[in-house]
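# Overview (structure and organization)
The residues making up each chain are set out below.
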Amino acid sequence: VVVDEAHRLRNVYKPENKTARTLRDALAHARKVFLTATPLQNTLLELYGLVSFIDDRVFGDLDSFRQQFGALRDAQSFAALKQRIGPICKRTLRRQVEAYVKYTRRIPLLEEFRPGEDEVRLYDLVSEYLQRDRLYALPNAQRQLITLVLRKLLASSSFAIGGALESLVRRLKQTLEDRAPESLTEELDTDYEALDETADEGVPDPADDTDAVDEHAKTAQELAAIRAEIADLDGFRTLALSITDNAKGQSLLKALDVAFARLQVLGAARKAIIFTESRRTQQYLLSLLARTEHGDGVVLFNGSNSDALSRRIYAEWMEQHRDSGRISGSRTADTRAALVDYFRERGKIMIATEAGAEGINLQFCSLVINYDLPWNPQRIEQRIGRCHRYGQKHDV
């Protein structure tokens, strides 16, 4: 069995990772090859997970691994770990294959921007709110993770944080009405598609989605505090909704002009992939680009790909390839293939969430724009790897 993007199985050692555990049990009888360019992202325990998936005798149980290699304090323990994984882990560096595979260069460009007064005020207000000692809107067990996500949405766009603030207000109103509040992580996940990856990036909160407000009858003081928090969040949301354009969005238009001019000098196709961490920001960028010369040929790529254009592209692709053998039978996989084909043949700009950072080949495109920049450099590497890969003819 050959598994590509095998780092997705790295958390098999966690009891809550049902997908990886199901695959481990189903494939226990088979010889396995795992392929990944980013095997480690956050912790050495991920190395334990991947190796134990292939052969659980290499390290023994989790406690044994933690005891021996939990902290590589000296050269001796590092050498012992290197020797242990030597027979099972084969690493090939780019410089080892450059004699056979020609790689183009990576050229970084930076476009600076300065947020407007209202954007700065919104940022300051929400930042102050997130630092309060007691927050009724956030589940106690997940406060650190959700604070991290809200800060990312705040940095993404006023549209992204505005939608999240609406979810917080709705959650608090349900609490006042003595109704069980909706899962906040599930609500945020519909917009911020990198939630699972962010949770894996070292946030120590448990997975429990317990409400921040105790189940006992609320005191008059608690009810007053909840109403005051709703009023504050309503004010933040109103401010967010009043901001119709973002300085970062205007800066994107300048960046496209600069980068497209560079592509012309390089003789590369006039194509760009733009990465954002929010689907609401994705929609904002779509409407922003629609008002410019870049409006034609913009395609979205996200976890659901359910917008009208994506559905039409999928239907046309299915009709075109019904006798070609390319149809896999998985609507998700076929939609992804259809969107990539459309971008290659007719599109100019693809706006992608984290769903587009793995598993698609965009070697025909040589411009990657990180509109929202992940904190994990491995995720940035995965994004760049969509374009800067074997087969790319131009500098990226």
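About the thresholds
- Think of each chain on its own: its residues are numbered from 1, step by step along the sequence as written.
- Local features in this predicted model are restricted to residues whose pLDDT is 70 or higher, and side-chain atom pairs enter the listing and the counts only when it is 80 or higher, whereas totals over whole chains, interfaces and linings include all residues.
- Neither water nor hydrogens contribute to the side-chain values; these are computed over all heavy atoms in the structure.
- By definition, any uninterrupted DSSP run of H or I lasting at least four residues is a helix, any uninterrupted run of E lasting at least two residues is a strand, and each is numbered from the N terminus.
- Note that the radius of gyration is over C-alpha atoms, with the globule rule given as 2.2 Å times the number of residues to the power 0.38.
- The cut-offs for exposure are 20% and 50% of the maximum accessible area for each residue type, with area from a 1.4 Å probe on protein chains only; residues under the lower value are buried, those over the upper are exposed, and the others partly exposed.
- Contact definition: two residues touch when any of their heavy atoms are within 4.5 Å.
- All accessible areas in this document rest on Shrake-Rupley with a 1.4 Å probe, and a residue is counted as covered only by the protein chains that are shown.
- A pair is scored as a salt bridge if a Lys or Arg side-chain nitrogen falls within 4 Å of a carboxyl oxygen belonging to Asp or Glu.
- Stacked, edge-to-face and tilted labels apply to pairs of Phe, Tyr and Trp rings (six-membered ring for Trp) whose centres lie within 6.5 Å, assigned for plane angles under 30 degrees, over 60, and everything in between, in that order.
- Counted as over-ring charges are cases with an Arg CZ or a Lys NZ within 6 Å of the ring centre that also lie within 35 degrees of the ring normal.
- To count toward a patch, a residue needs a relative accessible area above 30% and no salt bridge. Like charges then connect within 9 Å, nonpolar side chains (Val, Leu, Ile, Met, Phe, Trp, Tyr) within 5 Å.

## Considering the overall build of the protein chain
- Per the secondary structure count, the protein chain includes 16 helices and 6 strands.
- For 396 residues, the compact-globule estimate of 2.2 N^0.38 gives 21 Å, and the C-alpha radius of gyration of the protein chain, at 24 Å, lies within 12% of that figure.
- Over its C-alpha atoms, taken along the principal directions, the protein chain stretches across nearly 70 × 60 × 45 Å.
- Buried positions account for 45% of the 396 residues belonging to the protein chain.
- Nonlocal contacts in the protein chain, meaning residues at least 24 apart in sequence, comprise 74% of its contacts between residues at least 6 apart.
- As displayed, the protein chain offers around 21,100 Å² of accessible surface, 51% of which is attributable to carbon and sulfur atoms.

## Describing the pattern of salt bridges
- One pass over the structure, following the stated rule, counts 26 salt bridges.
- The residue glutamate 46 makes a salt bridge to arginine 10 at a minimum N-O spacing of 3.3 Å. Remark: arginine 10 occurs in the loop between strand E1 (2-3) and helix H1 (18-26) and glutamate 46 occurs in helix H2 (residues 45-54); sequence separation between them is 36 residues. Residues glutamate 46 and arginine 10 agree in their burial class; the two are buried.
- Residue arginine 237 is joined to aspartate 234 by a salt bridge in which the shortest nitrogen-to-oxygen separation is 2.4 Å. In this pair, arginine 237 and aspartate 234 both sit in helix H11 (residues 220-242), 3 residues apart, roughly one turn of the helix.
- We classify aspartate 234 as partly exposed; its relative accessible area is 21%.
- The network of salt bridges with common partners includes Lys152, Glu277, Glu354, Arg379 and Arg383.

## Remarks on the packing of aromatic side chains
- Throughout the structure, instances matching the rule amount to 10 aromatic pairs.
- On the numbers, 5.9 Å between centres and 70° between planes, the contact of phenylalanine 59 with phenylalanine 69 is edge-to-face. Placement of the pair is phenylalanine 59 in the loop between H2 and helix H3 (62-69) and phenylalanine 69 in helix H3, with a sequence separation of 10 residues. The pair formed by phenylalanine 59 and phenylalanine 69 is uniform in burial state, with each residue classed as buried.
- Geometrically, the ring pair formed by tyrosine 129 and phenylalanine 236 is edge-to-face, given 6.0 Å between the ring centres and 70° between the ring planes. You can see tyrosine 129 sitting in helix H6 (residues 117-130) and its partner phenylalanine 236 sitting in helix H11, a full 107 residues away along the chain. For the pair tyrosine 129 and phenylalanine 236, a shared accessibility class is recorded, and that class is buried.
- Members of the aromatic cluster, joined through ring pairs, are Tyr13, Tyr48, Phe59, Phe65 and Phe69.
- Directly above the aromatic system of tyrosine 103 lies the positively charged group of arginine 94, at a separation of 4.7 Å from the ring centroid.
- Looking at lysine 248, its charged tip hangs above the ring of tyrosine 371, at a distance of 4.4 Å from the centre.

## A word on the side chain of serine 251
- The residue serine 251 is located in helix H12 (residues 247-266) in this model.
- When its relative accessible area of 7% is taken as the criterion, serine 251 is described as buried.
- In contact with serine 251, other than residues within four places in its own chain, are Glu111, Glu112 and Phe113.

## Some points on a nonpolar patch on the surface
- A cluster of nonpolar side chains, contributed by Val2, Val33 and Leu35, occupies part of the molecular surface with about 260 Å² of accessible area.
- Checked against the element boundaries, leucine 35 lands in the loop between strand E2 (33-34) and H2.
- Judged by relative accessible area, leucine 35 falls into the partly exposed class, the value being 40%.

All we've got here are geometric facts, nothing functional implied.
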